[in-house]
Amino acid sequence: MAWALSACDQPTTSQQAESPQAKAPKNEIEIVSLNGKTMGTTYHIKYLSNGNVSAPSQQAHEQIEAILKDVNAKMSTYIKDSELSLFNQNTQTNTPIEVSADLAKVVKEAIRLNKVTQGSLDVTVGPVVNLWGFGPEKRIDKQPTPEQIAERQAWVGIDKLSLTEEGGKSFLTKAVPQLYVDLSSIAKGFGVDQVADYLESINVQNYMVEIGGEIRTKGKNAENKLWQIAIERPTFDGQQAAQQIIGLNNVAMATSGDYRNYFEQDGVRFSHEIDPKTGSPIQHALASITVLAPYSMTADGLSTGLFVLGEQKALAVAEQEKLPIFMIIKDGKGYRTEMSTEFKKLLEQ
């Protein structure tokens, strides 16, 4: 989880209410703050307006709400008649089903990132996630049997999903009838990008967009500094504390961790992050990983895939792909941090 620091360097959290906008005299810079709920979480947007922005803040807020509603209507697995849910419910195999350009774009990036993360980001792992009680199906308090896991594992695999494009249209095809696509690891990031693109379309040059901890920034804040973003220190009591603060320069950032969403059985913690190769929750010492990328959709997907890999493999991929990552690792009763070469370079700037 990450959050933006205000001009007074105080955390802006989902519990703090903000006025729709901070009024300023005409021709001076106006700080606009917009908040709301989407995708089962909250969003916080800040941008600077100096009179050149082509839409009033109220109109911008309404448009942003419409954009996020549209993303949900296409990619939610909790909305039964969303575009993605209808694809999941369709049991036809080897039959191309036309999908929207937005859904195709996100699936295409998810397929690409599956390769980058050595198969650890797999948007078809949903049936196993649901089996463990971390999806739209009800939460469980008992570990699934090996037989139950094996049955659902047979439905999982990015190779069972294909995306084709023809005549300006996009099509998704299933290889098995039970194939179930879950874009929760990448859709919030896509939502951030959609909002950011809209802000740029109305001539906003300085902004910070955050949805559920996924962030994208451009320009500078009201103090003419880079947007200051805090990376959260893992805690199990719900308290919010910063582990690292970084100034983001026209970049997106996403964090994945296992210290909030889990269940326990016989004293063993089961993380909500499922390894698609084993069909079971990950078991390693990585507590959280933060990834920077040009787009929030990419950062979002990478943070999930690299988190599943664990600290050693994630760092190896980051060095190979030249990715800026920051990791917080369980070490006995405490934590230690590691970062990639590219992340170190950012801190030195």
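Notes on the structure in this doc start here. Each chain has its residues counted from 1, following the order in which its sequence is written. Local features in a predicted model are, by the rule used here, given only for residues with pLDDT of at least 70; side-chain atom pairs are given and counted only at 80 or more, and totals for whole chains, interfaces and linings are based on all residues. Each side-chain value is worked out from all heavy atoms of the structure, with water and hydrogens disregarded.

1. Description of the overall build of the protein chain
- When you go through the protein chain residue by residue, the secondary structure sums to 9 helices and 19 strands.
- Each of the 349 residues in the protein chain was classed as buried or not, and the buried ones make up 53%.
- Here a residue-residue contact requires only that any non-hydrogen atoms of the pair lie within 4.5 Å. Looking at the protein chain alone, contacts between residues at least 24 apart form 61% of all its contacts between residues at least 6 apart.
- Only the protein chains shown count as cover for residues, and all accessible areas are computed by the Shrake-Rupley method using a 1.4 Å probe. Of the accessible surface of the protein chain, which amounts to about 16400 Å², a share of 48% is contributed by carbon and sulfur atoms. Helical segments are the DSSP runs of H or I of at least four residues, strand segments are the runs of E of at least two, and each set is numbered from the N terminus. For each residue, the accessible area found with a 1.4 Å probe, counting protein chains only, is set against the maximum for its type, and the residue is called buried under 20%, exposed over 50%, and partly exposed in between.

2. Quick look at the packing of helix H1 (residues 57–75) against helix H6 (residues 187–201)
- Under this scheme, a helix contributes an axis fitted over its contacting stretch, all axes are lines through C-alpha atoms, and angles between N-to-C directions fall in the 0 to 180 degree range. At a closest axis distance of 10 Å, the pairing of H1 and H6 adopts a crossing angle of 150 degrees. If you check the angle between H1 and H6, you find them roughly antiparallel. Every pair of crossing elements has a handedness; the one defined by H1 and H6 is right-handed. Side by side, H1 and H6 meet where Gln59, Ala60, Gln63, Ile64, Ile67, Leu68, Val71 and Met75 of the first sit next to Ala187, Phe190, Gly191, Gln194, Val195, Tyr198 and Leu199 of the second.
- Among the residues making up the contact of H1 with H6, the classes are represented as 11 nonpolar, 4 polar and no charged. Roughly parallel refers to an angle under 35 degrees, roughly antiparallel to one over 145, roughly perpendicular to one between 65 and 115, and oblique to any angle outside these ranges. Crossing handedness is defined as follows: a turn of the near helix away from the far one that is anticlockwise and smaller than a right angle gives a left-handed crossing, while the clockwise case is right-handed. Only Asp, Glu, Lys and Arg are considered charged, only Ala, Val, Leu, Ile, Met, Phe, Trp, Tyr, Cys and Pro nonpolar, and every remaining residue, Gly among them, polar.

3. Observations regarding the packing of H6 against helix H7 (residues 296–309)
- At a closest axis distance of 7 Å, the pairing of H6 and H7 adopts a crossing angle of 165 degrees. Taken as axis vectors, H6 and H7 run roughly antiparallel relative to one another. Both H6 and H7 take part in a crossing whose hand is right-handed. Listed contacts from H7 to Ala187, Lys188, Gly189, Phe190, Val192 and Asp193 of H6 are Ser296, Met297 and Asp300.
- Looking at side-chain class alone, the contact of H6 with H7 contains 4 nonpolar, 2 polar and 3 charged residues.

4. Remarks on the pairing of strand E8 (residues 207–211)
- With respect to burial, E8 is a largely interior element, 5 of its 5 residues being buried.
- The two faces of E8 match: Tyr207, Val209 and Ile211 on one face and Met208 and Glu210 on the other face are all buried.
- One bridge is not enough; two strands pair if DSSP finds at least two bridges between them. Here strand E4 (residues 41–49) pairs with E8 via 5 bridges, running antiparallel. Paired with His44 across the bridge in E8 is Glu210.
- Bridge analysis of E8 against strand E9 (residues 214–218) gives 5 bridges, and the strand direction is antiparallel. When the sheet's bridge partners are listed, Met208 is paired in E9 with Thr217.
- Taking the residues between adjacent antiparallel strands as the criterion, E8 and E9 are bridged by 2 residues, where Gly212 takes a positive phi near 55 degrees.

5. Observations concerning H1
- Expected helix span is given by 1.5 Å per residue-to-residue step, counting one fewer step than there are residues. Here H1 spans 27 Å end to end across 19 residues, near enough to the 27 Å set by a 1.5 Å rise per residue.
- When H1 is considered as a whole, its buried residues turn out to be Ser57, Ala60, His61, Ile64, Ile67, Leu68, Val71, Asn72, Lys74 and Met75.

6. A closer look at the pattern of salt bridges
- Salt bridges are defined as contacts in which a side-chain nitrogen from Lys or Arg sits within 4 Å of a carboxyl oxygen from Asp or Glu. Summed over the entire model, instances satisfying the criterion amount to 12 salt bridges.
- In this structure, Asp70 engages Lys74 in a salt bridge whose closest nitrogen and oxygen atoms are separated by 3.0 Å. Separated by 4 residues within a single helix, Asp70 and Lys74 lie in helix H1, roughly one turn from each other.
- The exposure class of Asp70 is partly exposed, given its relative accessible area of 32%.
- Arg112 is the partner of Glu109 in a salt bridge, and the nearest nitrogen-oxygen pair spans 2.9 Å. Placement of the pair is Glu109 and Arg112 together in helix H3 (residues 101–116), with a separation of 3 residues, close to one helical turn.
- If you follow the salt bridges from partner to partner, you end up with Asp193, Asp197, Glu200, Arg216 and Lys218 in one network.

7. So, H3
- Taking 1.5 Å per residue, 16 residues should reach 22 Å; H3 reaches 23 Å between its end C-alpha atoms and fits that length.
- Among all positions of H3, only Asp102, Leu103, Ala104, Val106, Val107, Glu109, Ala110, Leu113, Asn114 and Val116 are buried.
- Residue Gln118 follows H3 closely and has a positive phi angle near 55 degrees.

8. Re the sheet that holds strand E6 (residues 161–166)
- On the basis of which strands lie adjacent, the open sheet formed by 3 strands has the order E5-E7-E6 and antiparallel pairing. At either margin of the open sheet sits one strand with a lone partner, and together these are strand E5 (97–99) and E6. Averaged over neighbouring strand pairs, the angle between their axes works out to 35 degrees when direction is ignored.
- When E6 meets strand E7 (residues 169–174), the two strands line up antiparallel, connected through 6 bridges. Bridge pairing links Thr164 to Phe171 in E7.

These figures come from the coordinates and say nothing about function on their own.
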